[in-house]
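A closer look at the structure
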Amino acid sequence: MSNFGKLAVFVVILYVLQTSFFPLIAYHGISPDFMLLLTVSYAFLKGTEKGTLMGFLTGLLMDLATGTFLGIHAFTHLIVGNICGRFANRVYKEQFFLPVFASLGVTAFNYFILALLMVLLGYRFNPISNVQVTLLPMLIYQLAFAYPVHYLTYQLDKKLSAKETN
Amino acid sequence: MSNRVRRDKEDGRKGWAMVFVTISLFCIIFFAARGRFQAPVSSQAVSLALSPFQQAVSWVANEIHYVTSAVWEISTLYEQNKMLRNEVEQLRGINLQANEALAENERLRAIVGYQQTARQFDMVAARVIGRESDTWSRMIVIDRGTASGVKEDMPVVTPQGLVGRVVEAGPNSSKVQLILDPRSSVGTIVQRAESRVTGIVQGDMDNPTMPQMVNIPKNADVVEGDVIVTSGFGGIFPKGIIVGLVSSLKNDDGGLLKIGVLESAVDFQKLEDVLVITASREAPPEPIKPPPQTPGTETDPQAQAAAKVEASK
């Protein structure tokens, strides 16, 4: 299987787990967002270009597969992938601290872009209670799953890179 | 030097491409939200490719859930038994009252000659195979599609109450918009006979587990604990399906209306199996019979006599 195929299978497995398995432990309907974690990890490992592409594709997958506001995740993940990719040159790939903790900041950033888009679309909500009900549990989930997702992405990337150099 | 110029040019081109894609996506979001842009083919293709994996994983997840909940049930059996005994005592009392009310209801119906219409539904059972983890919309994916007769805008229910409606039907899977989704709106009515106030139930972004009943006039007779059912207005949801109970009431920002916060009848956290209503119709009413007339005042004595002969046969 080609590198792209392996990566695609990895994305699909994570997505299926996110939508079909992890709702079991959802709190008030909120469960971890593996696609965002994957975008952050991949962007930190591979740089701006590939990070942006990964963000766009994972976001588009979410938009098309679940029927949410079309394009909304493709938009936010693309920006997240682009920004995180800019730090790729400044971070040691073996160093897990920054990508794992950056996922918290990125989740909050992603939340605020989505909130802004929802306001622009005409939906009104109370920002304080919304942050308490949705963002806080999301941050806890993301922190708990950031390390395993980053570890898996790192291992996959290492294997794929070794295959490319051989 | 030329290499540097070429790299700068390439970076500039990529930057422009990024700006173009970002602006395009921004436009797509707004066009799609207003219903002017859809991607049905690609969306169905993605659903078709993902649904077998989602079915397999959700089956495993359900089995794990079943085992863990069974263990939990066993460990709490004694307490549950005690609680249920108390509940049975209470329910016996309520049942007596209900029987009285039922008998009275039948008597009154007979007096006013009210024909009860029985609603008949054709339903397709489906399993939930995917659920969105997003914080801004509430959608689920079920394992039935057009091959099982599921189409867009069909209502989705459980024995407890209303779940939502099908927004996109693929061959083997469909996407269901829950009543908790902010885009969803359901025409509803208060079930209590003295009230019958109508309103619209929408998803609430501040509280993703409790929908809101909006457009209730401030002086309307709606109280906490009222049962809210579908009104049948709008033509998508049949009348009389339970949506939830009014948990609390609050004033609308405008001050002229109030909002009822509902406790949904369906536990969306534990949603595993649902029913899609593929056809809904009312049973045909009984044929109209001529009312019995006082002897000697018949409007058509011959027809009346013929009816008597028919009845005696």
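Residues numbered from 1 in each chain as written. Chains lettered and ligands numbered in written order. Predicted model: local features only at pLDDT ≥ 70, side-chain atom pairs only at ≥ 80, totals over all residues.

Attention shifts here to the UniProt feature "coiled-coil region" (unreviewed entry) in chain B. If you check UniProt for "coiled-coil region" (unreviewed entry), the listed places come out as residues 74–101 of chain B in our numbering. When the span residues 74–101 of chain B is considered, its composition is 96% helix and 0% strand, and the gap between its end C-alpha atoms is 38 Å. (UniProt positions renumbered as here; feature names shortened; annotations may be inferred. Helix = DSSP H or I, 4+ residues; strand = E, 2+ residues; numbered from the N terminus.)

Next up on the list: the packing of helix H1 (residues 3–21) of chain A against helix H2 (residues 34–46) of chain A. Residue and element names in this part refer to chain A. Relative orientation of the contacting elements H1 and H2 amounts to 145°, with a least axis distance of 9 Å. Across from Val 11, Leu 14, Tyr 15, Leu 17 and Gln 18 in H1, the residues of H2 making contact are Phe 34, Met 35 and Leu 38. Residue composition of the contact of H1 with H2, by class: seven nonpolar, one polar and no charged. (Axes fitted to C-alpha atoms, helices over the stretch in contact; angles between N-to-C directions. Contact = placed C-beta atoms within 7 Å. Nonpolar A, V, L, I, M, F, W, Y, C, P; charged D, E, K, R; others polar.)

In this section: the nonpolar core. Among the nonpolar cores identified, the biggest contains 45 residues, and Met35(A), Leu37(A), Val40(A), Leu61(A), Phe75(A), Cys84(A) and Ile29(B) are the most heavily contacted of them. Elements with a contribution of two residues or more to this core: H1, H2, helix H3 (48–66), helix H4 (72–85), helix H5 (97–120) and helix H6 (127–165) of chain A together with helix H1 (2–33) and helix H2 (40–75) of chain B. By residue number, the principal contributor to this core is H2(A), which donates ten residues. In this structure, Leu37(A) is in contact with Ser103(A), Gln142(A), Phe145(A), Ala146(A) and Val149(A), ignoring residues within four places of it in sequence. Counting residues in each nonpolar core, the second largest holds 37 residues, with Val150(B), Met154(B), Val243(B) and Phe268(B) among its members. (Core = buried A, V, L, I, M, F, W, Y, C linked by C-beta atoms within 7 Å. Buried ≥ 20, exposed ≤ 12 C-beta atoms within 10 Å, placed from the backbone.)

Contacts between the two partners involve 44 residues from chain B and, on the opposite side, 44 residues from chain A. Within the residue set of the side of chain B that touches chain A, elements represented by two or more residues are H1, H2, strand S1 (119–131), strand S2 (139–142) and strand S4 (161–169) of chain B. Residue contributions to the side of chain B that touches chain A peak at eleven residues, all from H2(B). Grouping the amino acids of the side of chain B that touches chain A by side-chain chemistry returns 23 nonpolar, 14 polar and seven charged.

Moving on, we come to the UniProt feature "transmembrane region" (unreviewed entry) in chain A. Residues and elements named next belong to chain A. What UniProt calls "transmembrane region" (unreviewed entry) maps, in this numbering, to residues 7–30, 64–84, 96–123 and 135–154. In the segment residues 7–30, helix accounts for 62% and strand for 0%; the C-alpha atoms at its two ends are 26 Å apart. The span residues 64–84 is 76% helix and 0% strand, and its two end C-alpha atoms sit 24 Å from each other.

In this section: the packing of H3(A) against H4(A). All names here are of chain A. Contact geometry of H3 with H4 gives a least axis separation of 7 Å together with a crossing angle of 160°. On the basis of their axis angle, the class for H3 and H4 is roughly antiparallel. Crossing angle aside, the handedness with which H3 passes H4 is right-handed. Across the interface between the two elements, Thr 48, Glu 49, Gly 51, Thr 52, Met 54, Gly 55, Phe 56, Thr 58, Gly 59, Leu 60, Met 62 and Asp 63 from H3 touch Ile 72, His 73, Ala 74, Phe 75, Thr 76, His 77, Leu 78, Val 80, Gly 81, Asn 82, Cys 84 and Gly 85 from H4. Along the lines of polarity and charge, the residues of the contact of H3 with H4 split into ten nonpolar, twelve polar and two charged. (Parallel < 35°, antiparallel > 145°, perpendicular 65-115°, else oblique. Left-handed = near helix turned anticlockwise from the far one by under 90°.)

This part covers the UniProt feature "transmembrane region" (unreviewed entry) in chain B. Taking the UniProt record as the reference, the feature "transmembrane region" (unreviewed entry) is found at residues 15–33 of chain B. For the annotated span residues 15–33 of chain B, helix accounts for 100% and strand for 0% of the residues, and the straight-line distance between the end C-alpha atoms is 27 Å.

Now for H6(A). All names here are of chain A. An ideal rise of 1.5 Å per residue puts 57 Å on 39 residues; H6 reaches only 49 Å between its terminal C-alpha atoms. Its maximal kink placed at Phe 145, H6 deviates by approximately 40°, while the proline Pro 148 follows within four residues. Buried residues of H6: Asn 130, Val 133, Thr 134, Met 138, Tyr 141, Gln 142, Ala 146, Val 149, His 150 and Thr 153, and no others. Considering only its buried residues, H6 is in contact with H2 and H5. (Expected span 1.5 Å × (residues − 1). Bend = angle between axes of the 7 residues up to and from the residue.)

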